[in-house]
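Per-entry structural report
Residue-level listing of the chains:
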Amino acid sequence: MKKLSLILSILLFSSCAELQTIAENYPQAGVSNTEIASGLRQALDMGIEKQVTKLTEENGFYNNELVRITLPPELQKVDKTLRDVGLDALADQGLKVLNRAAEEAVQEATPIFVNAVREITFNDARNILLGQDNAATVYLTGKTDEQLYGKFNPVVTTSLEKVGATEIWTNIINRYNSLPLTNNVNPDLADYVTKEALNGVYTMIAIEEKEIREKVSARTTSLLQRVFALQDRQY
């Protein structure tokens with residue numbers, strides 16, 4: 001009988017230890033799965049509202065060093081050569097029109113992001129919450145990247161035409177190609193700007209996500225405070 005009691009005690013202790021481990025790894029603290037999912041959606045919505053919206057403003061890309069679109073590698077030598085011969089104003093104008101096209105394209109992003117955020121499941125939410133500090137951004141990237149490219153690219157193409165970028169860059173490239181000892185270049189600017197615009201969007205969302213994860217003061221609603229407190233306990 002004593003032996004049986006000892007075995008039961010060991011099994012009970014072992015079960016309690018396992019339950020404790022589970023509780024530590026997946027803390028609930030009175031927060032439901034529904035609230036976790038809602039909290040993640042709210043955090044992403046804040047990132048979209050606070051950060052992505054900034055990119056649609058005039059010079060939203062160009063004045064932001066984190067996301068400013070510079071020239072593709074094959075055109076960087078064009079920029080340098082133009083500046084070396086005193087054509088700085090032309091080079092600056094070329095950069096600005098690329099960034100202006102990105103600003104216009106990003107205006108197409110919000111409805112796509114909103115739909116992707118709504119689709120976050122309970123399982124997605126838990127994995128995101130207990131994941132890396134950019135887990136929500138990575139999730140959103142996977143859900144929206146292909147669709148956003150399809151939306152951004154024609155807008156970028158049209159914008160490059162509208163703001164005169166095609167004409168400007170034709171002028172720039174022609175001036176460059178006419179210089180001695182240079183090789184002709186002709187990159188797909190619309191594809192390049194589209195991809196850079198997408199990178200900029202996800203960069204800004206990641207900044208807001210990291211802020212909410214690391215700073216309690218950035219959790220400006222009671223829901224965010226409760227949900228991200230669970231994340232804090234695992235560290």
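Everything below is about the structure shown above.
Residues numbered from 1 in each chain as written. Predicted model: local features only at pLDDT ≥ 70, side-chain atom pairs only at ≥ 80, totals over all residues. Heavy atoms only, no water.

1. A word on the overall build of the protein
What counts here: Counting from the N terminus, the helices are DSSP H or I runs at least four residues long and the strands are E runs at least two residues long. By definition, residues are in contact when any of their heavy atoms lie within 4.5 Å.
Each helix and strand in the protein was counted, giving ten helices and zero strands. Mapped in sequence order, the helices and strands of the protein form the string α-α-α-α-α-α-α-α-α-α. Taking the intrachain contacts of the protein between residues at least 6 apart in sequence as the baseline, contacts between residues at least 24 apart amount to 83%.

2. Considering the packing of aromatic side chains
Keep this limit in mind: What counts as a ring pair is set by centres within 6.5 Å for rings of Phe, Tyr and Trp (its six-membered ring), and what kind of pair is set by the plane angle: stacked under 30 degrees, edge-to-face over 60, tilted for all other angles. For the exposure calls, accessible area comes from a 1.4 Å probe over protein chains only, and a residue counts as buried if that area is under 20% of its type's maximum, exposed if over 50%, partly exposed in between. A ring is scored as having a charge over it whenever the NZ atom of a lysine or the CZ atom of an arginine sits within 6 Å of its centre and within 35 degrees of its normal.
Per the stated rule, a full pass over the model turns up one aromatic pair. Taking 6.2 Å as the distance between ring centres and 75° as the angle between the ring planes, the aromatic pair formed by F113 and Y202 counts as edge-to-face. With F113 in helix α5 (residues 109-118) and Y202 in helix α9 (residues 189-214), this pair connects stretches of sequence that are 89 residues apart. When sorted by exposure, F113 lands in the same class as Y202, which is buried. Sitting over the ring of Y62, R68 keeps its end group 5.4 Å from the ring centre.

3. Comments concerning the packing of helix α2 (residues 33-55) against helix α10 (residues 222-233)
Note the following rule: Axis lines are fitted through C-alpha atoms, for helices just across the contact stretch, and the angle between N-to-C directions can take any value from 0 to 180 degrees. Note that the term roughly parallel is reserved for angles under 35 degrees, roughly antiparallel for angles over 145, roughly perpendicular for angles of 65 to 115, and oblique for everything else. It is the rotation of the near helix from the far one that decides the hand of a crossing: anticlockwise by less than a right angle makes it left-handed, clockwise makes it right-handed. Residue polarity is assigned by list, with Asp, Glu, Lys and Arg as charged and Ala, Val, Leu, Ile, Met, Phe, Trp, Tyr, Cys and Pro as nonpolar; anything else, Gly included, falls into the polar class.
For the pair α2 and α10, interaxial distance at closest approach is 9 Å and the crossing angle is 110°. Taken together, the axis directions place α2 and α10 in an arrangement best described as roughly perpendicular. Taken as a pair, α2 and α10 cross one another with a handedness that is left-handed. Contact with α2, carried on its side by E35, I36, S38, G39, L40, Q42, A43 and M46, involves L223, L224, R226, V227, F228 and L230 of α10 and no other residues of that element. Split by residue class, the contact of α2 with α10 holds nine nonpolar, three polar and two charged.

4. Quick word on the side chain of Q231
Stated precisely, the cut-off is as follows: Polar contacts, as counted here, are pairs of nitrogen or oxygen atoms within 3.5 Å of one another; within protein the pair requires one atom able to donate a hydrogen and one able to accept it, and residues that are adjacent in sequence qualify only if both atoms are side-chain atoms.
Considering the arrangement of structural elements, one finds Q231 in helix α10. Side chain to side chain, Q231 and R213 meet in a polar contact 2.7 Å long. Apart from residues no more than four positions distant in its own chain, Q231 is found in contact with L129, L130, R213 and R219.

5. As for unusual backbone geometry
Backbone geometry at N59 places phi at a positive 65°, although glycine is not the residue there. Its location among the elements puts N59 in the loop between α2 and α3 (73-84).

6. Re the environment of R118
Along the chain, R118 falls in helix α5. Spatially, the C-alpha atom of R118 lies 7.0 Å from that of R41, the residues being 77 residues apart in sequence.

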